[in-house]
Structure formats: structure tokens, C-alpha cells
Amino acid sequence: MHDRRRLIEDRITRVLAERIRPQVHRPVAPLQVEAWHVAGGQGEPVPAAQALRAAYGPFAVGDPWGPAWGTTWFHLTGTVPPADDAGPPEVVVDLGWSPHSPGFQAEGLAFRPDGSVVKGLNPMNGWIPVEPGTDVDLYVEAAANPLVLQPHPFLPTDLGEKTTAGDRPLYRLARAEICVRDTEVWELAADLDVLDGLMRELPVEDARRTKLLLGMERSLDRLDLADLPGSAAHARAELAPLLARPAADGAHRISAVGHAHIDSAWLWPVRETVRKIARTVANVTQLLDEHPELVYTMSSAQQYAWLEEHHPQVFARLAQHVADGRFVPTGGMWVESDTNMVGGEAMARQFVLGQGYFREKFGITCREVWLPDSFGYSAALPQIVRQAGCTHFLTQKISWNQQNVFPHHTFRWEGIDGTRVFTHFPPVDTYTAELTGRELAHAASNFRDKGATNLSLVPFGYGDGGGGPTREMLQRATRTADLAGSPQVAIESPSQFFTAAETDYPDAPVWVGELYLEMHRGTYTSQARTKDGNRRCEHLLREAELWATTAAVRGLADYPAEQLSRIWKLVLLQQFHDILPGSSIAWVHREAADNYAAVEAELDELIQDRLRVLTGAGDAEIVVNATPFEVSGVAALGAGPASSNDAPVRLDRIGDDLVLTSDLLRVTIDRAGLVSGMVDLTSGRDVIPDGERGNLLQLHPDFPNKWDAWDLDEFYRNTVRDLDTVADLQVEVRADGAAVVTVRREFGDSNVVQTMTLSPGSRQLDCSVAVDWHERETVLKVALPVDVHATDAAYETQFGHLRRPTHTNTSWDAARFEVCAHRFVHVSEPGFGVAVVNSATYGHEVTRHEATPSGTFSTVRLSLLRAPRFPDPETDQGLHTRRYALVVAPDIVDAVRAGYRLNLPERHLTGSPIEPLLGLTGDTAAVEAVKLAEDASGDVIVRLYEPRGARAAATLHPSFPVREVRQVDLLEDPMEPDGLDLHDGSIGIRLRPFQLMTLRLCR
Ligand SMILES: [Zn+2]
């Protein structure tokens, strides 16, 4: 046979795109259009009740509308002709969008005159159902969301902030008319779409491919292009036998889960997400009503709560389908958060409040963690998710790795404490599948566990900006349920997939440690104010809960449960995977900063109030210590007079050097304002390697190949500029005995004031950097070389730390050239170590260097600021202060303690001491949270963990009557005792390395 393959393939492509698809909808009657532009088209969204009463003016198809971020309401009226045998009547609307990127450009939501919602509209879903022979009376709330991510992406744009986006209309209403959807033409389009998609994935040598080719050619031969409606059935008859041939035995089996990834903010503000949820859920419930085979899953309790508040009718439709098991809450979290930077307690609360919502509203505890898009997954997560009632974990993001291909798609993931969780990465490599032939074939061929198991999951539905599944995707699922040459597709829930997958693959391989994303390494640093606010609020929440609990237990004040819950929810929302990582538009980060400021003020007032009632009257000076470690003689979690007899720091000038000497440290600062020596007087060791200079600020060009706010590309290191020129240098010994060196430097359009403070009795050098930052596409780092020979370094993560190599032996090691740490990095040799602690810096690296005359030293660098220009062209311009300290830390617990202390500075008050609510004796365990129980029982919840990676035995001493002690999980449900040891009235605990333990102290 002659090879006519390309000829026929091209024919299928053209006829499908240019003849068949355009004739699915046949116009049958016009619509009259009127419009009301909210505040001239630039106003913020208004409730439907207000819009429906507004005065509408004339408007015509073809007229422009919609300055960026504005809203226009369209009123559509007309009459639907009597029933047509060809198919159902539908209104078809085109708001003027380009035929791609649903959720990234204009969107609509259709309402009836009574304010009830019909469904959402987007470029891939522009129809509204109507009844034959009736009058149309519909309103469409049209949102002029601009396309921020242009087809040529990552160009700086002013569209990301309403005040800079301009007032030029972005759209023209392109279509609004009544049509008949021709059923046979529509089904023919689906038949050809599926067979063509399958054909192109089969090997050219495969006989099935040729059979499909020739069958589709026969089908097109039977199609009369001048009379598609009249000939579609004949064309379909030729395709029927091809579609009827069943899949081969053992074919890859796909659990397709309906889904819409909806970023809680990203290239749109939070307020737009609230509307996106309504559009998507309205579409999904409409589809669920008409297609009994559909199962849909949605994560993020926050998104349900928005819908419940703003669109209760749509929420009721959702709840009805939750009850019938086809709208499936998943994830168990408040939002799909970042997991690199979120602190331990906040990570726990993502689940406490998320699961709490799903239980309260639907009686459901989610078993599957659903984080398809977050930028890497911390090694602490397995323990956290298991203690939050989850048994399964899903992501696909690691398929974005720039360098190394992850070896598994289905595996057991082991965290820092040894807890394992059954994990799946959908091999389709997307969370917005459309169930195309290409995607299905890729899922099967890409699946790395084939042979051992043949089950994988595919989330399908438009997403990022929402949208969800369409009926065209369901047509594909129906046809590929059992089709020769294709994976078998079954629409199922996540739990149906995971249950089957775990049973089918009980000995799945184990991956130990973090799921590091070899990409998006700049997200530990971008939008520094958002990072500051998050870290600060996490710690203020700890203080507020601690003192509020102490006051409540002592009967001095009510516990502000609702207030704390409201604040937590806002802080948790802002940990969403495009907010805390700094990858959203300017609007989002401006609002985040405002929210953090308000939360900080409110928490500070709450803390002050509870401390006032706890300390009472009196004028004795006391120090309040909210950390889990004793500070200056003040017990952990208490307040009392500070005991300090430390001598003031002595200041000497030796040659060009300044020498600061305390009882514990001797710090030498050279004429360039850099630290040339830091001798630990206890051990006699100099922290700074011979000939090196510490606290050196460094600038690098930072223009990644793409994803500006997200990516720090490895080549940034090739060029460096040291900031070692001094504009001014001052030194003073303060009244409190601390010596402070202040150095001012100028560079580019920016300047920086560095301070270095040595306090009496302190084994650390406190540093701050106050920078007026006006650089572009530049990263600012600070280098702290330390004379420690170490093959790895410990980086704090949630409830413990993770060790990462300082070398680049393998491609996996080399790829981790920028990593996340929470409050500390610790570099050590047996018996000696150095920590670098910080108040809001997450991006870190530790490198190894040849020492003189032999051996190696390590250099810790912190990423202080970046200045990417997409999606926020003004990222991080202006004033910032970053604080960190170089700490002598022989044991890692010294690093843990210093990290807490920098983030929970002592408060100085007058009044009476506060007896801690509880004390701990024995080995080290860190109390991470003290709060009252979520169930309003008044029970005290204490969460603690083992921070060293060692075995620990300790005894807990509550200072209030405790009726009963129970070990509970994060959801505060009873669990099998695991380390709790009660006898003779004492509360003994035995902890495994990094074990997380929650106790309920019943009163
Ligand atoms: Zn996302």
C-alpha cells in the first residue's frame, strides 16, 4: 500500500477544526443585549442583588467592554424557538476571549432574574442551557480579568495592580445568540477527536494505527461538507466498529478524577478567586446533574467557606452532591499551601482547620493530601499528614524537575521521623488534563512503576484559574473506558484510586527525605515582606495562644477561640502556594502586607492584654519568655525577673581592627566592616576560617531563563560583586553593655546599613541589614564562612531538621544549590558547631571550600532579597530589614534555642512573675504550641516534639489540676499511646527522633 498517512491525518485535522466543530452550534434566534458597567466598568464586584436592580443601557455584539479588573453585567433577552429534533437549544456567549487559557482571561457567571446562578462561562465553556419555546432572560456577570501571562510569557507588565493596569477596554463582546447544539455533529466531533488522538500516539508500524486511519478516511468520505447535520450519522456509523474494539488485557488503567485547580490567588487577587470558585462549582454541579458518571474532587476548605458565604445557593448544590458521594472534598487542608516555608504549628493548623471544616460541614475526614502544585514537599510532612488523619499523598509537581527524573510514580514516602505515607505522582504530568489521546498515552508510557502495577490517576479539568471538566472531556472518558490501543479510563474518586493502588502495590518502593523541587528556588526569597509577615504572625500566634491559655486556665480571662480561629485562617490563606512563595501579582502581595500588619496589631493587643491580667499590678521589672527554653534565668513559657551578672562588652582598637570582647566571645571586625575573627572563649576555637571575612554582602545578577519570581537559576553564581566598601563605620557600647558596630555601604541605586551587636553573656553575634533596595534582577546574599569541616548541614524544617550534603557528588546533590531552612542552619563537627539563625529568611546554601593549609571550611549564605520583574515588576523595591545571628552552637539544640529566641524576643514588663502553665524536666523536648482544645471543652492541648533527632525521655509538670491526660493526634482525636507513660500521677514521655506528640490535658 502507498503511504498516505500524512495526507489523511491533515485532512482529519482540517475538517474537524474548520467544518465539524464550528457547526456543533447552529444559530436559530438572536438575543437583545443590554449592559451595566459597574462604576463605569472599573468598579469592584457588587452582589448580584444590586446588579440585577441596576439601570442597563444599550449594548451590541461587537462593542468594547472591560478595563482590566472591571466588571460589566450583560442582560440577555430573546425567545427560544420550538423544540428542534437536531438537539437542545443553548445560549452561546463569547465575551471576546482568545480560544485558549480558560481562567486566565475574561470569565462570566450567568444568573436568572431571581438571582440564582445558572453556570459559569469561559473560553472553553461558553454555553447556557435554555428551554425550547420559552423566553430568555439572563444576566451575565462578566469579569474583565486581564491575560497577565501573555503567550510570550514573563514580560514585565503593569496589569497586576488595578491602579497601574490602565482604563483601556480589553474585550469586545463577540457573540450572544440562541443556538441548537446538533447532537450528531457534536458526537461525531468527539468520535473523531478520540480516534484521531489515539491514532497519533500509536506506533506507525502498528496495524491498529492504519486501521484507524483508513476508518476515519471512510468516515470523512461519507460526510457531506455541505450538509453536516444530514450526513453526520453516516460518518459516525463508519467509526462505530473502531470505537467498539475493547482494550487489551493488562492495559494501563487510569482513574480519572474531575478537578479544577484554583489558585487561591496568583495572577488575580483573592477577591477574584472568590468568584472563580462560584463559576467553577456552578459548572461542575450542572455537569454532575446531567452526567451521572462524573466524580469531581475539590480541595481547600477556604474555597468551600468562600462559596458558602458568597454564593449559598451554589454551595447548597455542592453539598447535595457531596451527600451523594460525587462531589468529593479532598486534601484536608485549609488551602493548598506551600510546604517548604510554612512553620511547624502552622502546617499542623492547615490540617486542623481544614479537616475541622470538612467534618463540621459534611461529616468527612479527608484521607488524601492533595497538593498537585506546591513547590516541593518538606521531609516533615509524612508524620504531619498521618497525624492529621490522612493516609495518602498526591502531587505531580516533581515532574517539573530541571535535572533529575524522579524514579517512582507510586511509592511510600518516609519523613524525618520515619513515618511513611503512600504517595502517587500522576504520570500524566499535569493536574489540568483534558483526557486527550496524547495525555492518556503519556500517562501510560511515562509510568515508571509499570510491570509492578498498572494503575495511575489523572486529574482532569481546566485549572489554575478554575474552569473544571467539560462535557467534551466526559465524551472522551466514555469512549476510552475500554478502547483498543488506549489506556482504560474510569472516572473515580481519589480514595477509590488510592485504595486500589495500595492493594495492588503493597511493597511499593520507599523514598526517604524531602521531595525537593529542582526549580522555583527563588520562591524562598521573593516578596520579602510576605515572608516577614508570615514568620512574625506565626510566632505572635504562638504567644497569643500561650498567654490566652494561661489566663483562661487561671480564670483570669476568656479564651478568644473565635478570634484566634479567624486570625489563623487568614494567616493560613496567605500560606497558599503562590502567596507565601512570592509568585503572585503586586495586588496580592500588597493585600498580604496589609493583612499581616492588621493581624500583627490585633495579636499584639491580645498578647499585651493577657500579659496584663497575668502579671497584675506591681512595678518589679520582669522578662516574659514565650520560648520553650529558659532565657536569662526565666523559665520557659513563663515570666520573671532576669538574672544577669554578665560584664559589659569591652571595646578595643588594635591597628585597623575593632575587637569586641565579652565573657564568651572575642569578635574582630576589620576596616572593611567585615568579621575577620570570632573566637569562642570556651573552646578557644575561631569560628571564622583563617584569612576569610564573615558577614559579607554579595550581589549577583539574577535573570532566570523563565519564571522570574520563581526561579533562581544556577548560573547566577558565575558573577559576584562583594560589598566591602565602607561609606561610614561607627561603634558604640550601649548602656546595657552591648557593643554595636554600624557600617553603611552604598551600591547601585541602593544603600545598606549593617549592624553587628555583641551582647554581654551572649554566645552569638547579632546582625541586621537595613537596606533601601532599588536594584533590578539582582539577588542579595550574605556570606558567613565558618571553620567547620562538615559533609552535611542541618536545616530546620517543621518539628525538626533535615540534613543535606554540602558537596555536589551526585546530580541530586548538585541540584540542591539553594534550599529552604526555617529558623536555623547548623554546621557541626563532633563537639563543636556553628548555627546561623534568622528572623524571616528562608533561602539558604552551605558550600564547602578548601582551607589553608589543609582541610575544608564551610560557607553559609542566606538569600536576603531578590528583585524579579514578573509577575510584579516592582518586586521588593524599597526598605527592608533582615535579621540573623552567627551563633556558637556545639549541640544542635543550641541552634534550636537560638532560633526560637530570635523569633520570640523577650518582652519587658512590670508586674508579678507568671508561673509557667507547664514545665518539662529530663531530655530536651520543644513545646511548639499550648492552646485550648478545638472542641471548646476547655481541655489544654500541648504539642511538643523531639528536636535533636535523638531519643528523649522527659516528664511534664502541669501547674494546674489535670483530671486525665490523653495522647491525641493533630485533630485532637484519641490515638494509641505512642510514648506517653502515666504512673504515680506523673506524666512521662518517651520520644523517638523527631517524634511529634500532642497531649490533651483534661481539666
Ligand atoms: Zn497552583
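Residues numbered from 1 in each chain as written. Predicted model: local features only at pLDDT ≥ 70, side-chain atom pairs only at ≥ 80, totals over all residues. Heavy atoms only, no water.

**Student:** Tell me about the coordination of the zinc ion, and name the residues and values.
**Tutor:** The coordination sphere of the zinc ion contains the protein donors H261 (NE2), D263 (OD), D373 (OD) and H577 (NE2), at a distance range of 2.0 to 2.1 Å. Because the angles between the four donor atoms bound to the zinc ion fall within 90 to 159°, the donor set is best described as irregular. Mapped onto the sequence, the residues coordinating the zinc ion show the spacing H-x1-D-x109-D-x203-H. With a gap of 316 residues between them, H261 in the loop between strand 13 (253-259) and helix 6 (270-290) and H577 in the loop between helix 15 (561-573) and helix 16 (586-615) connect regions that are remote in the sequence. Given a relative accessible area of 1%, H261 falls into the buried group. (Donors = N, O, S within 2.8 Å, 3.2 Å for Na, K, Ca; no water. Tetrahedral: all angles 85-135°; square planar, octahedral: opposite > 155°, others 65-115°. Helix = DSSP H or I, 4+ residues; strand = E, 2+ residues; numbered from the N terminus. Buried < 20%, exposed > 50% of the residue type's maximum accessible area, 1.4 Å probe, protein only.)

**Student:** Quick rundown of the side chain of S486? Include the residues and the values.
**Tutor:** Here S486 shows up in the loop between helix 12 (471-479) and strand 21 (488-491). The exposure class of S486 is buried, given its relative accessible area of 6%. In this structure, S486 is in contact with L198, A247, A251, L440 and T480, ignoring residues within four places of it in sequence. (Contact = heavy atoms within 4.5 Å.)

**Student:** Mind laying out unusual backbone geometry, listing which residues take part and the relevant values?
**Tutor:** Residue P853 is reached from T852 by a cis peptide bond, and omega for that bond is 0°. Tracing the chain through its elements places P853 in the loop between strand 42 (843-850) and strand 43 (856-865). With omega at 5°, the peptide bond leading from F870 into P871 counts as cis. Considering the arrangement of structural elements, one finds P871 in the loop between strand 43 and strand 44 (878-888). Even without glycine at this site, F154 takes up a positive phi of about 70°. Here F154 lies in the loop between strand 10 (135-143) and strand 11 (169-172).

**Student:** Summarise helix 1 (residues 5-20); cite the residues concerned and give the values.
**Tutor:** The terminal C-alpha atoms of helix 1, which comprises 16 residues, lie 21 Å apart, in line with the 22 Å expected from a rise of 1.5 Å per residue. Within the span of helix 1, buried status applies to I8, E9, I12, V15, L16 and I20. Of the surrounding secondary structure, the elements contacted by the buried residues of helix 1 are helix 3 (183-199), helix 4 (207-222) and helix 5 (228-244). (Expected span 1.5 Å × (residues − 1).)

**Student:** Now, about the side chain of H424: what can you tell me, with residues and values included?
**Tutor:** You can see H424 is positioned in strand 19 (residues 420-424). Residue class for H424 comes out buried when judged on its relative accessible area of 0%. Separated by 3.0 Å, the side chains of H424 and T410 make a polar contact. In terms of polar contacts, H424 uses its side chain to reach the backbone amide nitrogen of L457, at 3.1 Å. (Polar contact = N/O pair within 3.5 Å; in protein donor to acceptor, adjacent residues only side chain to side chain.)

**Student:** Which residues make up the packing of aromatic side chains, and what values do they have?
**Tutor:** Here a ring pair, both rings aromatic, is described through the centre-centre distance and the interplanar angle of the planes. One pass over the structure, following the stated rule, counts 35 aromatic pairs. Ring centres of Y296 and F327 lie 5.1 Å apart, and the angle between their planes is 55°; this geometry places the pair in the tilted category. Of this pair, Y296 sits in strand 14 (residues 296-298) while F327 sits in strand 15 (residues 327-329), and the two are 31 residues apart along the sequence. No difference in accessibility class separates Y296 from F327, as the two residues are buried. Judged by centre distance (6.4 Å) and plane angle (25°), the rings of W710 and F870 are stacked. With W710 in the loop between strand 30 (696-701) and strand 31 (721-723) and F870 in the loop between strand 43 and strand 44, this residue pair connects regions lying 160 residues apart in the sequence. (Phe/Tyr/Trp six-rings, centres within 6.5 Å; stacked < 30°, edge-to-face > 60°.)

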